[in-house]
Amino acid sequence: MRLPPHILVVNGIKVRRPVFLLGAPHSGADLLARALKRAPGFHVTMGRACVAHVVYAFARRPSIGRTSGAVRVLRDALAESWQVLGGTCGLCSEPCREAGGVTGAGPCVSTGEVTRFGDASPDLIYSAPVLLEAFPDARFVQLIRDGRDVTADMLDDPACLAWFKPVMLPEDTEFPNAFLGVNRDEHRDRWKTMPVAGKSALRWRSAVRLSATLRQELPDDQLLTLRFEDLVHEPARSVATLTEFLETRVSKIALYGARVPEVGSWRTRLRREDVELVEKVARQELTRLGYLKS
């Protein structure tokens, strides 16, 4: 049974219908975060350390997210992240500062303008059940992108590659481990010797499976699924859909930064053996989503 909404007050503002952007790494949550940060009344954070520490704790040890204190811990972390103080933008990640157009110490918003809050921290998808319990009236927007393009971007991202070191799968790891995409203890050694392209594919596969579960569990008025490819090729239609879902005006102009992302760049960025491995590991999901012909 779902609990009634908890009333959280930040900066003197009641947090109602917060928005959380979910997806596998490099699936486009940062693009939507950029647009929402510049939407009227929104205060969106991404990657603040206080939230990241909690998110990765839940991701690495899923049982923590099922404890009685998990909701309070995550709610408190988000409340800290959403505070608007003189130097808070200096604590934000560079992508967050850049998306908000911050050039100094901040803040990037005025408390008098804020009516809604949101967060697009990396790997937030693994905390979705806790977020829903903490904010039963929350709105979720999940991004889906071709796993081969995701893999290509992950291979160029040192932050993603850091999670693929064998030490990241210690003996006390909980299984199934959705964060790393490893389902059973007996797969531990196989994961440790797998090329990073395969590990990237496992992470993508696991994330889209979680997205599919959310799609089954949440009603249409609480969860919106968008494709990265549509954001690039049909931004007007995608933003119109987002605007209607969130009941706030979102500008397509704010989606992109210095360059428009590419679709299908994996064809020139991935080695043939990496493509073959990704398609082998994630064939079922790539096919189901229409990225790979059966």
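Look up: the structure comes first, before these words.
Residues numbered from 1 in each chain as written. Predicted model: local features only at pLDDT ≥ 70, side-chain atom pairs only at ≥ 80, totals over all residues. Heavy atoms only, no water.

S.K.: Can you break down the environment of Thr248 residue by residue, with the values?
M.R.: Looking at the element boundaries, Thr248 is found in the loop between α11 (235-246) and α12 (266-269). Between the C-alpha atom of Thr248 and that of Phe42, which follows or precedes it by 206 residues, the distance is 9.1 Å. The residues contacting Thr248, other than those within four sequence positions of it, are Pro40, Phe42 and Thr243. (Helix = DSSP H or I, 4+ residues; strand = E, 2+ residues; numbered from the N terminus. Contact = heavy atoms within 4.5 Å.)

S.K.: Give me the lowdown on the environment of Leu292, citing residues and values where you can.
M.R.: The residue Leu292 is located in the segment after α14 (283-288) in this model. Of the residues examined, Leu292 reaches a relative accessible area of 14% and is grouped as buried. Note: C-alpha distance between Leu292 and Asp146 (146 residues apart in sequence) is 9.1 Å. Leaving out residues up to four positions away in the same chain, Leu292 has contacts with Arg148, Glu279, Arg283, Leu286 and Thr287. (Buried < 20%, exposed > 50% of the residue type's maximum accessible area, 1.4 Å probe, protein only.)

S.K.: Explain helix α3 (residues 70-82) to me, using residue names and the numbers behind them.
M.R.: The end-to-end C-alpha distance of α3, which contains 13 residues, comes to 18 Å, matching closely the 18 Å that a straight helix rising 1.5 Å per residue would cover. Of the residues making up α3, those classed as buried are Ala70, Val71, Leu74, Arg75, Ala77, Leu78, Ala79, Ser81 and Trp82. (Expected span 1.5 Å × (residues − 1).)

S.K.: I'd like a rundown of the packing of helix α2 (residues 49-60) against α3, residues and numbers included.
M.R.: A packed helix pair is summarised by two numbers, namely the angle formed by the two axes and the spacing between the axes. Here α2 crosses α3 at 155°, and the two axes come no closer than 8 Å. Taken together, the axis directions place α2 and α3 in an arrangement best described as roughly antiparallel. Crossing angle aside, the handedness with which α2 passes α3 is left-handed. In this structure, α2 uses Cys50, Val51, Val54 and Phe58 to contact α3, whose residues at the interface are Ala70, Val73, Leu74, Ala77, Leu78, Glu80 and Ser81. Residues that form the contact of α2 with α3 fall into these classes: nine nonpolar, one polar and one charged. (Axes fitted to C-alpha atoms, helices over the stretch in contact; angles between N-to-C directions. Parallel < 35°, antiparallel > 145°, perpendicular 65-115°, else oblique. Left-handed = near helix turned anticlockwise from the far one by under 90°. Nonpolar A, V, L, I, M, F, W, Y, C, P; charged D, E, K, R; others polar.)

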